[in-house]
Amino acid sequence: MISYETYKFLHLFFIITFFASLGLAASASPLIANKTGKIITGVISFLIFVAGMGLIARLGFKHNQGFPLWIYLKMLNWLVINILFVFLFKLENLKHKAIISLLILLIGATTTWVVINKPI
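Residues numbered from 1 in each chain as written. Predicted model: local features only at pLDDT ≥ 70, side-chain atom pairs only at ≥ 80, totals over all residues. Heavy atoms only, no water.

Visitor: Even after reading the chapter, I still don't get the overall build of the chain, so can you show me in this structure?
Guide: Scanning the chain from N- to C-terminus turns up five helices and zero strands. Counted from the first residue to the last, the chain has its helices and strands arranged as α-α-α-α-α. Once the C-alpha set of the chain is aligned to its principal axes, its extents read approximately 45 × 30 × 20 Å. Out of the 120 residues belonging to the chain, those deemed buried represent 30%. Accessible area for the chain stands at about 7,800 Å²; split by element, carbon and sulfur atoms hold 74% of it. (Helix = DSSP H or I, 4+ residues; strand = E, 2+ residues; numbered from the N terminus. Buried < 20%, exposed > 50% of the residue type's maximum accessible area, 1.4 Å probe, protein only. Areas by Shrake-Rupley, 256 points an atom, 1.4 Å probe, with all protein chains shown as cover.)

As structure tokens, this is what we get:
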């Protein structure tokens, strides 16, 4: 059985990797602009979700038990960030890429605050 600390490490590692790829995508780096880079980014996003679900399981939530609102908010923000990330790949204008990147970072910061403080 994988420990809570391992899931936490993996979750944070994949989040950091995902946001690093955000910088590459925003700057139109050839490392991520090709199809392989996009696939790797999608896989990293999926691994964020898997590690997050492992964390939820280690917190003691059962399959038929409802989650607290902060977990639903975190999942919604993860979905919105992924949708914005797809738009980031489609945009050509650097100004628009900067706006989308800033929006992704703000959503990520808000999600971090919600997870740490659990106000809802």
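Visitor: Would you mind showing me how to read the nonpolar core here?
Guide: Across soluble globular proteins, you tend to see nonpolar side chains buried next to one another. In this structure, Phe18, Phe85 and Ile104 are the most contacted members of the largest nonpolar core, which totals 13 residues. Every element with two or more residues in this core is listed here: helix 1 (4-26), helix 3 (35-58), helix 4 (69-90) and helix 5 (94-117). With residues near it in sequence (within four places) discarded, phenylalanine 85 still touches Phe18, Ser21, Leu22, Ala25, Thr41 and Ile104. (Core = buried A, V, L, I, M, F, W, Y, C linked by side-chain atoms within 4.5 Å. Contact = heavy atoms within 4.5 Å.)

Visitor: Help me understand the packing of helix 3 against helix 4 in this model?
Guide: How two helices sit against one another is set out by the angle between their axes and by the gap between those axes. For the pair helix 3 and helix 4, interaxial distance at closest approach is 12 Å and the crossing angle is 175 degrees. It follows that helix 3 is roughly antiparallel to helix 4 by the angle criterion. Of helix 4, the residues touching helix 3 (which contributes Lys38, Thr41, Ser45, Ile48, Phe49, Met53 and Ile56) are Ile71, Met75, Trp78, Asn82, Phe85 and Phe89. Residue composition of the contact of helix 3 with helix 4, grouped by class: nine nonpolar, three polar and one charged. (Axes fitted to C-alpha atoms, helices over the stretch in contact; angles between N-to-C directions. Parallel < 35°, antiparallel > 145°, perpendicular 65-115°, else oblique. Nonpolar A, V, L, I, M, F, W, Y, C, P; charged D, E, K, R; others polar.)

Visitor: Explain a nonpolar patch on the surface here, please?
Guide: On the surface, a cluster of nonpolar side chains totalling about 430 Å² of accessible area is made up of Leu76, Leu79, Val80, Ile83 and Phe87. Its place among the elements puts valine 80 in helix 4. A relative accessible area of 31% places valine 80 in the partly exposed class. (Patch = residues over 30% accessible without salt bridge, like charges linked within 9 Å, V, L, I, M, F, W, Y side chains within 5 Å. Salt bridge = Lys/Arg side-chain N within 4 Å of Asp/Glu carboxyl O.)

Visitor: How should the environment of asparagine 82 be read in this particular structure?
Guide: Within the element layout of this structure, asparagine 82 appears in helix 4. With relative accessibility at 18%, the residue asparagine 82 sits in the buried group. With 67 residues separating them in the primary sequence, asparagine 82 and isoleucine 15 have C-alpha atoms 12 Å apart. Setting aside residues no more than four positions away along its own chain, asparagine 82 makes contact with Phe18 and Ser45. A distance of 2.6 Å separates the side chain of asparagine 82 from the side chain of serine 45, its partner in a polar contact. A polar contact is formed between the side chain of asparagine 82 and the backbone oxygen of tryptophan 78, at a distance of 2.7 Å. (Polar contact = N/O pair within 3.5 Å; in protein donor to acceptor, adjacent residues only side chain to side chain.)

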